[in-house]
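What follows is each chain in one-letter form.
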Amino acid sequence: LAAMLFEQYKKDHPITDAKAKAEYDRVLASLPPQDATALEYSARHILVKTAAEARAIQAELAAGKAFDAIAKKRSLDKGSAAQGGSLGWAVAETYVPEFANALKKLKKGQTTAAAVKSQFGYHIIRLDDTRKAQPPAFEAVKEQIKQQLQNGQAAEFDAYLNELEKKARIQ
């Protein structure tokens, strides 16, 4: 019964876009000011198990083969491999230190001269672009924020139940 009542409570007290936007703005305001030089990187990588595999791939790249095609065919990171090795936009600190350090040294369009060894294997990294770091747009995170706010309604619901108990006449 309590679960059904909670579902009804959530229907009667929906999380509106305005509430979600207010929470988004509150979180942004609470973040420390960003360093003006903070960058996000759009990078690709090909992950393999051995240094020998990495050298073979680097030879293929030097011979003019497409990075994207090699990544799709040979990368162990299947998530990024499906996108031609693309890791999307992220700050360097998102990655393991060895990867992050190598990424920061690359220029736009450049590929690492030597494979970068990490706990996952050997990475061949290409930097596609950089941009000033920016928070995600509200529309991109709106549903996540609404879900978090809805999860937070449990405390409000407890207060609501307590209020119902006080008003109830139990005989």
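Everything below is about the structure shown above.
Figured I'd write up the structure that's included with this text. Since the structure is predicted, the reported quantities are computational estimates derived from the model, not experimental observations. (Residues numbered from 1 in each chain as written. Predicted model: local features only at pLDDT ≥ 70, side-chain atom pairs only at ≥ 80, totals over all residues. Heavy atoms only, no water.)

## Points about the overall build of the chain
Next up, step 1: The helix and strand tally for the chain stands at 8 helices and 4 strands.
Next up, step 2: Relative to the globule expectation of 16 Å for 171 residues, the C-alpha radius of gyration of the chain, 24 Å, shows a markedly less compact shape.
Next up, step 3: Taken along its principal axes, the extent of the C-alpha atoms in the chain is 85 × 35 × 25 Å.
Next up, step 4: Counting all 171 residues of the chain, 32% fall into the buried class.
Next up, step 5: Within the chain, contacts between residues at least 6 apart in sequence are counted, and of these 68% link residues at least 24 apart.
Next up, step 6: One way to put it: in the chain the 26 positive side-chain charges average out to a point 7 Å from where the 21 negative ones average out. (Helix = DSSP H or I, 4+ residues; strand = E, 2+ residues; numbered from the N terminus. Rg over C-alpha atoms; globule rule 2.2 N^0.38 Å. Buried < 20%, exposed > 50% of the residue type's maximum accessible area, 1.4 Å probe, protein only. Contact = heavy atoms within 4.5 Å. Lys, Arg positive; Asp, Glu negative; His and termini not counted. Charge placed at Lys NZ, Arg CZ, Asp CG, Glu CD.)

## Observations concerning the packing of helix 1 (residues 2-12) against helix 8 (residues 153-167)
Next up, step 1: For the pair helix 1 and helix 8, interaxial distance at closest approach is 11 Å and the crossing angle is 110°. When the axis of helix 1 is compared with that of helix 8, the two are roughly perpendicular. Of the two possible hands of crossing, helix 1 and helix 8 adopt the one that is right-handed. For the pair formed by helix 1 and helix 8, the contact residues are A2, L5, F6, Y9 and K10 on the first element and Q153, A154, E156, F157, Y160, L161 and L164 on the second. (Axes fitted to C-alpha atoms, helices over the stretch in contact; angles between N-to-C directions. Parallel < 35°, antiparallel > 145°, perpendicular 65-115°, else oblique. Left-handed = near helix turned anticlockwise from the far one by under 90°.)

## Let's talk about the pairing of strand 1 (residues 39-48)
Next up, step 1: Of all 10 residues making up strand 1, 9 are buried, and the element is well covered by its neighbours.
Next up, step 2: Here 10 bridges tie strand 1 to strand 4 (residues 121-132), and the two strands are oriented antiparallel to one another. The partner of L47 across the bridge, within strand 4, is H123.
Next up, step 3: Pairing analysis gives 4 bridges linking strand 1 to strand 2 (residues 86-91), with the strands arranged antiparallel. (Pairing = 2+ DSSP bridges.)

## Some remarks on the nonpolar core
Next up, step 1: Ranked by size, the top nonpolar core spans 14 residues in total, and within it Y41, Y95, F99, L103, L106, I125 and L127 carry the most contacts.
Next up, step 2: For this core, the elements supplying multiple residues, two or more each, are strand 1, helix 6 (97-105) and strand 4.
Next up, step 3: In terms of residue count, helix 6 provides more of this core than any other element does, 4 residues in total.
Next up, step 4: Contact partners of I125, with chain neighbours within four places excluded, come to R44, H45, F99, A102, L103, L106, Q110, T111, T112 and V116.
Next up, step 5: Grouped together as the second largest cluster of nonpolar side chains are 10 residues, I46, I57, I70 and A71 included. (Core = buried A, V, L, I, M, F, W, Y, C linked by side-chain atoms within 4.5 Å.)

## Quick notes on the packing of aromatic side chains
Centre distance and the angle of the planes are the two values used to describe a pair of aromatic rings.
Next up, step 1: Taken as a whole, this structure holds 6 aromatic pairs when the rule is applied.
Next up, step 2: Taken together, a centroid distance of 5.0 Å and an interplanar angle of 40° make the contact between Y9 and Y160 tilted. Here Y160 lies in helix 8 and Y9 lies in helix 1, a separation of 151 residues in the sequence.
Next up, step 3: By relative accessible area, Y9 is classed as buried at 7%.
Next up, step 4: Its relative accessible area of 31% is what places Y160 among the partly exposed residues.
Next up, step 5: Ring centres of Y95 and F99 lie 4.7 Å apart, and the angle between their planes is 40°; this geometry places the pair in the tilted category. This pair shows no difference in class: Y95 is buried, exactly as F99 is. (Phe/Tyr/Trp six-rings, centres within 6.5 Å; stacked < 30°, edge-to-face > 60°.)

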